[in-house]
Amino acid sequence: MTAQPEETVAVPASLPALRRYPALQHAILAGAIVIAVILPFLTKSFIIFQLTQVMIYGLAILGLNLLTGFNGQFSLGHSAFYGFGAYTAAILMHNYDVPYYLTLPAAGGVCFVIGFLFGLPALRLQNLYLALATFALAIAMPQILKFHPLEAWTGGVQGLVVDQPDPPSFLPIDTDRWLYYFTLMVVLIMFAGAWSLVHSRTGRAIMAIRDHPIAASAMGINASLYKSLTFGVSALYTGVAGALGALVVAFVAPDSFSFLLSVSLLVGLVIGGVGSIPGCLFGGVFVLFGPNIAEFVATRLFGAIERFSGGLIALQVSDSRAIGLAGAVYGVILLLVIFVMPAGAAGFVRLVVGRLSRSRQARTNG
Amino acid sequence: MELLLHQVMAGLATGAIYACMALAVVMIYQAIDHLNFAQGEMAMFSTFIAWQLIAWGQPYWLAFILSVAISFVGGVLIERVLFRPLHKAPILSNLVGFIALFSILNSGAGYIWDFTIKTFPTPFGHKGLFGGTLIDTHEAGMIGVTLGMLGLLYLFFRGTRLGLAMRAAAANPESARLVGIRVGWMTALGWGMAAAIGAVAGMLIAPVVFLEPNMMLGVLLYGFAGAVLGGLTSPAGAVAGGFAVGVIENVAGTFIPYFGRELKLTIALVLIVAVLMVRPSGLFGRREVSRV
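Please read all numbers here as calculations on a predicted model, not as lab measurements. (Residues numbered from 1 in each chain as written. Chains lettered and ligands numbered in written order. Predicted model: local features only at pLDDT ≥ 70, side-chain atom pairs only at ≥ 80, totals over all residues. Heavy atoms only, no water.)

Undergrad: Can you help me understand the overall build of chain A in this one?
TA: Counting its regular elements, chain A contains 15 helices and two strands. Here chain A holds 366 residues, and the buried ones make up 51% of them. For chain A, long-range pairs separated by at least 24 residues make up 81% of all intrachain contacts whose partners lie at least 6 apart in sequence. Of the roughly 17,000 Å² that chain A leaves accessible, carbon and sulfur atoms contribute 68%. (Helix = DSSP H or I, 4+ residues; strand = E, 2+ residues; numbered from the N terminus. Buried < 20%, exposed > 50% of the residue type's maximum accessible area, 1.4 Å probe, protein only. Contact = heavy atoms within 4.5 Å. Areas by Shrake-Rupley, 256 points an atom, 1.4 Å probe, with all protein chains shown as cover.)

Undergrad: I keep staring at the overall build of chain B and nothing clicks. Help me out?
TA: A count of helical and extended segments in chain B gives twelve helices and zero strands. Classification of the 292 residues of chain B by burial places 57% in the buried group. A fraction of 75% describes how many contacts in chain B between residues 6 or more apart in sequence connect residues 24 or more apart. Working note: accessible area of chain B is about 12,300 Å², and carbon and sulfur atoms make up 69% of it.

Undergrad: Would you mind showing me how to read the side chain of Ser-107 of chain B here?
TA: Topologically, Ser-107 of chain B is positioned in helix α4 (residues 91-113). Not counting residues within four places of it along the chain, the set of residues in contact with Ser-107 of chain B comprises Gly-324, Leu-325, Gly-327 and Ala-328 of chain A.

Undergrad: I tried to follow the packing of aromatic side chains on my own but got confused; where do I start?
TA: Geometrically, a pair of aromatic rings is defined through the distance of the ring centres and the angle of the planes. Residue and element names in this part refer to chain B. Across all of its chains, the model carries 28 aromatic pairs over all chains by this definition. Seen in terms of ring centroids, Phe-83 and Phe-98 are 4.6 Å apart; in terms of plane orientation they differ by 25°. Their pairing is stacked. Here Phe-83, found in helix α3 (residues 60-83), pairs with Phe-98, found in helix α4; they are 15 residues apart in sequence, far enough to count as distant. For the pair shown, Phe-83 and Phe-98 are each scored as buried. (Phe/Tyr/Trp six-rings, centres within 6.5 Å; stacked < 30°, edge-to-face > 60°.)

Undergrad: Looking at this model, I keep getting lost on α3 of chain B. Mind explaining?
TA: For α3 of chain B, spanning 24 residues, the distance from its first C-alpha to its last is 32 Å, which sits close to the expected 34 Å at 1.5 Å a residue. Among all positions of α3 of chain B, only Tyr-60, Ala-63, Phe-64, Ser-67, Ser-71, Gly-75, Val-76, Ile-78, Glu-79, Leu-82 and Phe-83 of chain B are buried. (Expected span 1.5 Å × (residues − 1).)

Undergrad: Help me out: how do you make sense of unusual backbone geometry in this one?
TA: Among all residues except glycine, the phi angle is most often negative; among peptide bonds, the trans geometry is most common. Residue and element names in this part refer to chain B. The phi torsion at Asp-114 lies on the positive side, around 50°, for a residue other than glycine. Mapped onto the elements of the fold, Asp-114 is located in the loop between α4 and α5 (137-159). Phi is positive for Phe-210, which is not a glycine, with a value near 70°. Relative to the elements of secondary structure, Phe-210 occurs in the loop between α8 (183-209) and α9 (217-230).

Undergrad: What exactly am I supposed to notice about the pattern of salt bridges here?
TA: Pairing of side chains with opposite charge becomes possible as their charged atoms draw close. Counted under the stated rule, the structure contains five salt bridges over all chains. Across the pair Arg-177 of chain A and Asp-174 of chain A runs a salt bridge whose closest N-O atoms are separated by 3.0 Å. A salt bridge links Lys-118 of chain B to Asp-114 of chain B; its shortest N-O distance comes to 3.6 Å. Exposure remark for Lys-118 of chain B: the relative accessible area of 11% places this residue in the buried category. (Salt bridge = Lys/Arg side-chain N within 4 Å of Asp/Glu carboxyl O.)

Undergrad: What is the right way to look at the side chain of Ser-234 of chain B in this model?
TA: Residue and element names in this part refer to chain B. For Ser-234, the position within the fold is in the loop between α9 and α10 (235-255). When its relative accessible area of 12% is taken as the criterion, Ser-234 is described as buried. Discounting residues that sit within four places of it in the chain, Ser-234 has contacts with Val-26, Gln-30, Phe-284 and Gly-285.

Next up, the structure:
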């Protein structure tokens, strides 16, 4: 029996229609950045806070995407790297009065080292075994953060309060808006970095390992080194996102970094699109608003059923159990995504644009 | 010495639960080569079904049997409806499928039975066994039920045509299909049996950890650790691994200051990573070899 390597992730072909018009691609990107810069002057503080969180989750998902989408390794433990990043930033600011902008490289560095070390055994752990090891990491994380002897640094069960940075005195904006711009800047730099990484020689090596590990090694790619490095870089991205998250929320506590966060990131990855860089931001949108959407759908749908049945079917949507219901709907949405649009939102857009351009081609040819 | 013996016995008792979970994990791993991350939530849901039946006034053993039967049917249905279509899909889709199932069962249980902690009865009582203080009757019952279940499974797989067909379908699907075994249904049967075993595990541990939607997360992790330690390809190995993990957890918790007590889950993490690094096939599993 010859072993055709089992497919790890399904990555859709890139978008030919956009590839053909690089100017259009640049215009869309520039437009998006302009909108992102203007937006804070048009909206309320709370919405700005939410937008900042979307970008942060998008960055964390990008980290996971580099690992899963581009290198074909799985992780259910990225909540732990997010947590390590957040705690690094919080501890540095809280205990050592380090300026906030220096905590980001520190968090990234710490997470890179941890990720690289965790990635070393990952060489022997393929696919599901890696998912299992990282699953264990995610479950153990809150306990590690609550660990009693470390309480002097981590604050134990109570967590740590983080002072939010003041905007620079020459800018006439408030803290929320300053954090928004700060995050936007970091996110833009990191997304650009990811883009160049993926389109470099190194990036092609990383993807070759995903598509056919044996052929990649036969071509002289050092699979062990690249896999560990990708794990490190992936952890770095998610760690920086964690540090930003600590700044924006102004608080870290052990139970914020539970397995559920890993699940959210994975969901964001799948919904945004595996192997798509812009898709990560859409994934971030879903991570933040997905539960709300699910709750909304659940209460509306079940409320309608109750009314329709004339009160015969009482589904109890009004009480606190609605939270549980929302989680269940969340799961159903996930299932729908992997069955109906397996390539995520980015793949869906590609499909639609691809169909449109193909039909236009057919018209011009005919 | 007295303390050590106590801890070892207590470890064997909790180990029985981990052994059940490990057994369920191995059943599905054998059938579809995937780890079921929703295994714990399936067991939790089954236990809630039993709790509901008891709350409606059914006697314990009737509720027990009904819950196992419902879980079996549920497991078969989950395979047929959810994972059959994902058979040829990439690994990531399967992983997301498991996570979705996890979310649906966990939150669904919270919706139906809410998130408050409930007590669950035990048929064995909590008296000391033979009047001693070493181990109580419920703990002895857990060990007994687990070993009994392993024995039944052994007889089933070794002694019946259906068991033989299931082993054939897992070992070599193509050849099994050629000799007329319906491989798809064998997989579904494996799911059903795993769900039933999980139901038993859930009902045994519920009197100890109390019944609530999140009760199985740690247990599942230990179940994985047991399965990996014993070998994912060996049911008996998984049971032995589960018992070993239970003993390690309890002994480490007592004798290693701080670490053991507060970082119990980290012990499972270290154990999993260590076994996978040193001996990925586990203590009793066979090594996977593939030709390229």
